[in-house]
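Here is how the chains run, residue by residue.
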Amino acid sequence: MKRPYLFVSVFLCSVLLPFITLFCGIPCCRSVLGQEPCGKAVTTNPAFQYYPQIWGTNILWLDRRSGNSNMFIYNFAKGKEVRVPPGHEEVNSINIYKDNVVYQVWGGNWDVWLLNIKSGNKRQISANHSWHEMLPRIWGDSVVWEDWRNGYGLGDIYLYNLK
């Protein structure tokens with residue numbers, strides 16, 4: 001038996017309510033299904049915050065409050081926000097696993113770096129070439145990224161073991 005009400009509920013929650021909230025300024029804190037408030041603002045700075053990642057009690061995101069993309073982390077168990085100090089001008093494409101964060105850094109081309117947020121230690125994972133190494137992901141001791149050494153638009157996937 002088909003359930004048309006399920007489609008309508010999904011459509012209203014995922015398409016219509018965000019549209020109304022965005023264009024009409026009406027807060028959307030209750031869903032069509034009658035659930036209680038749908039979240040708490042983690043960021044309060046008026047700058048652009050984007051690309052959120054979460055692991056455990058840490059939320060990591062990119063933030064343009066300084067004019068460049070920088071990483072920030074919010075520990076919601078402690079209620080504390082701090083700038084993650086990678087020391088790079090432009091950071092992009094972050095990914096977190098436990099205490100390790102991989103990200104891409106602009107230095108004339110994109111390179112992949114690793115940062116341990118507990119120790120503050122950082123190191124470059126990809127070689128510093130004249131081509132782009134970007135979109136890193138981490139899981140366990142493995143880091144993967146897209147590598148354009150064979151030409152722009154001809155990306156290959158590379159794997160690096162942290163051990």
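Structural notes, computed from the coordinates.

About the thresholds
Numbering of residues starts from 1 in every chain and runs along the sequence as written. Local features are withheld for residues below a pLDDT of 70 in this predicted model, meaning they are given only at 70 or higher, and side-chain atom pairs are given and counted only at 80 or more; totals for whole chains, interfaces and linings count all residues. The basis for every side-chain value is the complete set of non-hydrogen atoms in the structure, without hydrogens or water. For this analysis, a ring pair means two rings from Phe, Tyr or Trp (six-membered ring only for Trp) whose centres lie within 6.5 Å, classed as stacked if their planes differ by under 30 degrees, edge-to-face if by over 60, and tilted for the remaining angles. Buried, partly exposed and exposed residues are distinguished by accessible area as a fraction of the type maximum, computed with a 1.4 Å probe on protein chains only: under 20%, between the cut-offs, and over 50%, respectively. The helix and strand labels rest on DSSP assignments: H or I over at least four residues marks a helix, E over at least two residues marks a strand, and numbering proceeds from the N terminus. By definition, being over a ring means that NZ of Lys or CZ of Arg is both within 6 Å of the ring centre and within 35 degrees of the ring normal. What qualifies as a polar contact is a pair of N or O atoms within 3.5 Å, subject to a donor-acceptor requirement within protein and to the restriction that residues adjacent in sequence count only when both atoms come from side chains. Whether two residues are in contact is decided by their heavy atoms: any pair within 4.5 Å suffices. By definition here, a salt bridge exists when the distance from a side-chain nitrogen of Lys or Arg to a carboxyl oxygen of Asp or Glu is within 4 Å.

**Quick notes on the packing of aromatic side chains**
Next up, step 1: The full count for this structure, using the stated rule, is 7 aromatic pairs.
Next up, step 2: Ring geometry for Phe 48 and Tyr 50: centres 4.7 Å apart, planes at 10 degrees, overall stacked.
Next up, step 3: On the basis of relative accessibility, which here comes to 19%, the residue Tyr 50 falls in the buried class.
Next up, step 4: With a centroid separation of 6.2 Å and 20 degrees between ring planes, the pair formed by Trp 145 and Tyr 158 is classed as stacked. Of this pair, Trp 145 sits in strand E10 (residues 142-147) while Tyr 158 sits in strand E11 (residues 156-161); the two residues are 13 residues apart in sequence, bridging distant segments of the chain.
Next up, step 5: One aromatic cluster is present, built from ring pairs that chain together Trp 55, Tyr 97 and Trp 139.
Next up, step 6: For Arg 65, the ring lying beneath its charged end belongs to Phe 72, and the centroid distance is 4.0 Å.

**Side note on the side chain of Ser 93**
Next up, step 1: Position of Ser 93 relative to the elements: it lies in strand E5 (residues 91-97).
Next up, step 2: Engagement of the side chain of Ser 93 in a polar contact is seen with the side chain of Arg 137, the distance being 3.5 Å.
Next up, step 3: In contact with Ser 93, other than residues within four places in its own chain, are Tyr 51, Leu 62, Val 102, Tyr 103, Gln 104, Leu 135, Pro 136 and Arg 137.

**So, the pattern of salt bridges**
Next up, step 1: Considering all chains together, one arrives at 6 salt bridges under this definition.
Next up, step 2: Lys 118 serves as the salt-bridge partner of Asp 99, at 3.8 Å between the closest nitrogen and oxygen. Of this pair, Asp 99 sits in the loop between E5 and strand E6 (100-106) while Lys 118 sits in the loop between strand E7 (110-116) and strand E8 (122-124), and the two are 19 residues apart along the sequence.
Next up, step 3: Asp 99 gets classed as partly exposed once you look at its relative accessible area, which sits at 25%.

**Focus on the environment of Trp 139**
Next up, step 1: Summarising the element assignment, Trp 139 is placed in strand E9 (residues 133-139).
Next up, step 2: Owing to a relative accessible area of 58%, Trp 139 belongs among the exposed residues under this scheme.
Next up, step 3: As for Trp 139 and Lys 98, which are separated by 41 residues in sequence, their C-alpha atoms are 8.9 Å apart.
Next up, step 4: Contact partners of Trp 139, with chain neighbours within four places excluded, come to Trp 55 and Tyr 97.

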